Amino acid sequence: MKLNQVLNGYRVVTRPTNADAGKCLWAFAEKGGGEFFIKEFLDPKIPKADSMGTVEDKERRFAECERFAKRHTDIMAALRADDVHAGNLVLAVDFFAVGTRYYKVTPRVRPADAAARDLDTRGQLVLLKTLVDSLVLLHAKGIVHGDLKPENILLTPARKGSLLVAKLIDFDDAYQAGAPPMAEVIGGNPLYGAPEWLRYLRGDQGAHARSLTQAADVFAVGLLIHTYLFGVPPGYGEGHESPAAAVLAGAPLAWDSRLGGRIRRLLESLTAADHRARPVIADVAAALDEPDVLVSAAVSPSPPPVPPPSTPPPGGGARTSRVLVNTTKTAARTSSARLRINLTDKN
Amino acid sequence: MSQNQNRSGDNNLKYAVDIVLCVDTTASMARMLANVKQSAMSFPNRLAQEMAAKGRGISSLRLKVIGFRDYADCAEDAMVVSPFLRVPDDLDSFEKTVNALHAGGGGDEPESALEALALAIGSDWETGLDRRRHVIVMFTDASAHRLGDPRHTSAATYPQSVPGSLEELYAQWGSGQSHSARMENPAKRLLMFAPESYPWTDIADDWNNTIYFPSVAGEGLEEWEMDQIIATIANSL
Ligand SMILES: Nc1ncnc2c1ncn2[C@@H]1O[C@H](COP(=O)(O)OP(=O)(O)OP(=O)(O)O)[C@@H](O)[C@H]1O
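Keep in mind the model is a prediction, meaning the values are calculated, not measured.

Quick notes on the rules
Residues numbered from 1 in each chain as written. Chains lettered and ligands numbered in written order. Predicted model: local features only at pLDDT ≥ 70, side-chain atom pairs only at ≥ 80, totals over all residues. Heavy atoms only, no water. Helix = DSSP H or I, 4+ residues; strand = E, 2+ residues; numbered from the N terminus. Rg over C-alpha atoms; globule rule 2.2 N^0.38 Å. Buried < 20%, exposed > 50% of the residue type's maximum accessible area, 1.4 Å probe, protein only. Contact = heavy atoms within 4.5 Å. Areas by Shrake-Rupley, 256 points an atom, 1.4 Å probe, with all protein chains shown as cover. Lys, Arg positive; Asp, Glu negative; His and termini not counted. Charge placed at Lys NZ, Arg CZ, Asp CG, Glu CD. Near = heavy atom within 4 Å. Polar contact = N/O pair within 3.5 Å; in protein donor to acceptor, adjacent residues only side chain to side chain. Domains from an automatic or database assignment. Buried area = accessible area lost by both parts, 1.4 Å probe. Salt bridge = Lys/Arg side-chain N within 4 Å of Asp/Glu carboxyl O. Pairing = 2+ DSSP bridges. Axes fitted to C-alpha atoms, helices over the stretch in contact; angles between N-to-C directions. Parallel < 35°, antiparallel > 145°, perpendicular 65-115°, else oblique. Left-handed = near helix turned anticlockwise from the far one by under 90°. Nonpolar A, V, L, I, M, F, W, Y, C, P; charged D, E, K, R; others polar. Phe/Tyr/Trp six-rings, centres within 6.5 Å; stacked < 30°, edge-to-face > 60°.

*Asks:* Can you tell me about the overall build of chain B, naming the residues and giving the values?
*Replies:* Each helix and strand in chain B was counted, giving seven helices and seven strands. Reading the secondary structure of chain B in the N-to-C direction produces β-α-β-β-β-α-α-β-α-α-β-α-β-α. For chain B, whose C-alpha radius of gyration is 18 Å, the value lies close to the compact-globule estimate of 18 Å for 237 residues. Residues classed as buried in chain B amount to 59% of the 237 residues present. For chain B, restricting intrachain contacts to residue pairs at least 6 apart in sequence, the fraction spanning at least 24 positions comes to 73%. Only carbon and sulfur atoms are counted for the fraction: they give 47% of the accessible area of chain B, which is about 9,100 Å². In chain B, 20 positive and 33 negative side-chain charges are present, and the distance between their average locations comes to 9 Å.

*Asks:* Account for helix H3 (residues 113-121) of chain B, naming residues and giving values.
*Replies:* H3 of chain B sits mainly inside the fold: nine of its nine residues count as buried. If you check which residues of H3 of chain B are buried, you get Ala113, Leu114, Glu115, Ala116, Leu117, Ala118, Leu119, Ala120 and Ile121 of chain B.

*Asks:* Any details on the site of the ligand? Residues and values, ideally.
*Replies:* All names here are of chain A. Near the ligand there are 22 residues, and of these Gly22, Lys39, Pro107, Val109 and Asp170 occur at the shortest range. Between an oxygen atom of the ligand and a main-chain N or O atom of glutamate 151, the distance comes to 3.4 Å. The side chain of asparagine 152 places a nitrogen or oxygen atom 3.1 Å from an oxygen atom of the ligand. Taking 620 Å² as the accessible area of the ligand by itself, protein coverage stands at 91%. For the shell around the ligand, the secondary structure elements donating two or more residues are strand E3 (24-31), strand E4 (34-41) and strand E6 (101-107).

*Asks:* Kindly report on the domain arrangement of chain A, identifying the contributing residues and their values.
*Replies:* Residue and element names in this part refer to chain A. Domain annotation of chain A identifies domain 1 (6-107) and domain 2 (116-297). Placing the centre of domain 1 and that of domain 2 at their C-alpha centroids yields a distance of 27 Å. Contacts between domain 1 and domain 2 engage 18 residues on the former and 18 residues on the latter. The largest per-residue losses of area from domain 1 upon contact with domain 2 belong to His85, Asn88 and Val90, which jointly make up 36% of the total buried on that side. With its nearest N and O atoms 2.3 Å apart, the salt bridge here joins lysine 39 to aspartate 172. Our enumeration of links across domain 1 and domain 2 arrives at nine residue pairs in polar contact (both at pLDDT 80 or more). Going through the elements one at a time, E4 and helix H1 (55-78) are the ones with two or more residues in the side of domain 1 that touches domain 2. Broken down by element, the side of domain 1 that touches domain 2 gets its largest block of residues, four residues, from H1.

*Asks:* Can you lay out the pairing of E4 of chain A for me, pointing to particular residues and giving the numbers?
*Replies:* All names here are of chain A. Here E4 lies mainly inside the structure; six of its eight residues are buried. The pairing of E3 with E4 spans eight bridges and is classified as antiparallel. Across the sheet, residue alanine 29 finds its bridge partner in E4, namely phenylalanine 36. Between E3 and E4, which follow one another and run antiparallel, lie two residues, and glycine 32 among them has a positive phi close to 50 degrees. In this structure, E4 lies alongside E6, joined through five bridges in antiparallel fashion. The residue bridging phenylalanine 36 from the neighbouring strand is proline 107, located in E6.

*Asks:* Quick rundown of the pattern of salt bridges? Include the residues and the values.
*Replies:* Residues and elements named next belong to chain A. As enumerated under the stated definition, the model contains 25 salt bridges over all chains in all. Aspartate 173 is paired through a salt bridge with lysine 23; the nearest N and O atoms lie 3.2 Å apart. Taken together, the positions of aspartate 173 in the loop between strand E9 (164-168) and strand E10 (175-176) and lysine 23 in the loop between strand E2 (10-12) and E3 put the pair 150 residues apart, joining distant regions of the chain. We classify aspartate 173 as buried; its relative accessible area is 7%. Given the relative accessible area of 43%, lysine 23 is considered partly exposed. Salt-bridge contacts for lysine 149 lead to aspartate 147; the nearest nitrogen and oxygen are separated by 3.5 Å. Lysine 149 sits in the buried class, given a relative accessible area of 14%. A relative accessible area of 4% places aspartate 147 in the buried class. Bridged by salt links that share partners, the residues Lys39, Lys104, Asp170 and Asp172 form one connected network.

*Asks:* Give a description of the packing of H3 of chain B against helix H5 (residues 166-173) of chain B that names residues and reports values.
*Replies:* Residue and element names in this part refer to chain B. With their axes 10 Å apart at the nearest point, H3 and H5 run at an angle of 25 degrees to one another. As the angle between them shows, H3 and H5 are arranged roughly parallel. As H3 runs across H5, the sense of the crossing is left-handed. Each of Leu114, Leu117, Ala118 and Ile121 in H3 lies in contact with H5, whose residues at this interface are Leu166, Leu169, Gln172 and Trp173. Of the residues contributing to the contact of H3 with H5, the split by class is seven nonpolar, one polar and no charged.

*Asks:* Would you mind going over the packing of aromatic side chains in detail, with residue names and values included?
*Replies:* Ring pairs (aromatic) are described by centroid distance and by the angle formed between their planes. For the structure shown, the criterion picks out 17 aromatic pairs over all chains. Ring geometry for tyrosine 10 of chain A versus phenylalanine 96 of chain A: centroids 6.0 Å apart, planes at 0 degrees, classification stacked. Linking tyrosine 10 of chain A in strand E2 with phenylalanine 96 of chain A in strand E5 (residues 94-98), this pair joins segments that are 86 residues apart in sequence. On the basis of relative accessible area, tyrosine 10 of chain A is assigned to the buried category, the value being 5%. On the numbers, 5.5 Å between centres and 15 degrees between planes, the contact of phenylalanine 139 of chain B with phenylalanine 193 of chain B is stacked. One end of the pair, phenylalanine 139 of chain B, is in strand E5 (residues 131-139); the other, phenylalanine 193 of chain B, is in strand E6 (residues 188-195), and 54 residues separate them in sequence. Side by side, phenylalanine 139 of chain B and phenylalanine 193 of chain B carry an identical accessibility label, which is buried.

*Asks:* Outline the interface of chain A and chain B, listing residues and values.
*Replies:* Contact with chain A, which involves 48 residues of that partner, is made by 46 residues of chain B. Surface buried jointly by chain A and chain B totals about 3,900 Å² across both partners, of which 45% is contributed by carbon and sulfur atoms. On inspection of chain A and its partner chain B, the count reaches three salt bridges. Across the chain A-chain B interface, the total number found is 21 residue pairs in polar contact (both at pLDDT 80 or more). For the side of chain A that touches chain B, the elements supplying multiple residues, two or more each, are H1, helix H3 (195-202) and helix H5 (243-248) of chain A. Broken down by class, the residue content of the side of chain A that touches chain B amounts to 18 nonpolar, twelve polar and 18 charged.

*Asks:* Provide a residue-level description of the side chain of asparagine 152 of chain A, including the pertinent values.
*Replies:* Residues and elements named next belong to chain A. By the secondary structure assignment, asparagine 152 is in the loop between strand E7 (143-144) and strand E8 (153-157). The exposure class of asparagine 152 is buried, given its relative accessible area of 5%. Within polar-contact distance, the side chain of asparagine 152 engages the backbone oxygen of aspartate 147 at 2.9 Å. For asparagine 152, the contacting residues outside a window of four places in its chain are His145, Asp147, Lys167, Leu168, Ile169 and Asp170.

So, in structure tokens, the structure goes:
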């Protein structure tokens, strides 16, 4: 596709790029006053009568195209925008072919110019819950997202207020629990991948497709919660290139010292080495509903490893036995009292 | 939990990246070539950075350079092919190879780009490690000669391995379904910075896993910022 080209009525309004995209070119587009994201797939391409290749080759390619298109339309049918929890899934509104290429269109999401860790605790909780609720819906349908990572979660301003919600994108690596794509082609990201994903991808002895289930997403959620609270995933030590590699080797993940007791135990269970030992996503949703879940049970023994905010908040830091997960107290203080339920220090 | 069962004895994902740069070195490329050379030098660093940012260390990075002109014009200097050069170990050789490219000759359009592409496809790609990316990048400002023209293939320097037609070359590129392909389907990418002329538009339409950035024929690739080109290559890893 090209800038200004019109595809199925969508006019491409930005120069197509492959930024953050392994298997497509993408751009923003407009149609009927609406703003869209359009993706052009690199593979497969639809053979035409005058295409290169033998007749048999073209037949095989054509059959592959039909499977590809079916996979996409099946996902579109399974995930419907009118589902109760679908509000924060960025679902395809169109899937079509022009010439030899396939395209997928979703509404354009305009990410907020803010990071999750700069939110106050309630803001963080809302963000995490919007993410987890989307996964509850996906997982209930037996679908594994398969590529959960910050790049696939766009943070957007809520309709009102200063809250951010998590919009989940890119279901192109999704699969039915227990039936992932073959190891050579399975999607996913090394930093957020689960141990069973890593073993499957490497073709380790005893690694089975059937162990790739919703629990692989749950592992990623454990890491993502840490990333949203502190800006980075937990540490995984020298000699390991990813949390999954560390967990497989039996090495503990290094949680941020500000992580409170209850939430720490939750994240530990989400990132258990054995996928069967991890809670299901509905349990995560329930845990996030408990009051004060992001508030630690005790003051951390060691000072936080980040520099203090440059402007000390009026009245100093937390003086009580409870600390906020969030150290950006300035943000917490300046937000309205409305935002302070559940997270002010309670003695 | 069973653990440490992979070949290398640790749990890290081993990622191999092979990149073949096919560079048109005919006279019309003079200005562009200076840019391509400059960015080729910054390549190794940029790629390593990009991969680290994605949480993927590259366990093996190899670069190969193919400079091409025109068998019809001067068969003697129509093709320069380096072996795969390992980064960082062979960085010196890589820089020497890139530096030695100079623009000149080639006569008129078309050029022998398809021969270069064929040699690139026939490279000894890495087949081990856990995940592989095999990228061919084509930089040219011209159309290409058709393969199999006896006026070219009869040259003593003409590479015997080059197939006799674009059809056959396509079979070597293959699709997700082909049995005869030389390229590993999920690993392969072809990035073309080339004009909208034969065979680039056909290849872009028909071959999977290609990314085509058309330029205006005869005007070179100036409209593509080198930085964008490097980013595009890095994104494709
Ligand atoms: N609806 C959207 N609105 C705005 N930006 C989007 C939208 N969908 C995707 N993007 C942007 O485009 C990028 C690429 O999209 P996407 O992740 O779907 O591609 P991909 O080829 O499946 O990538 P990969 O498989 O490497 O994760 C995303 O990282 C995001 O920055």
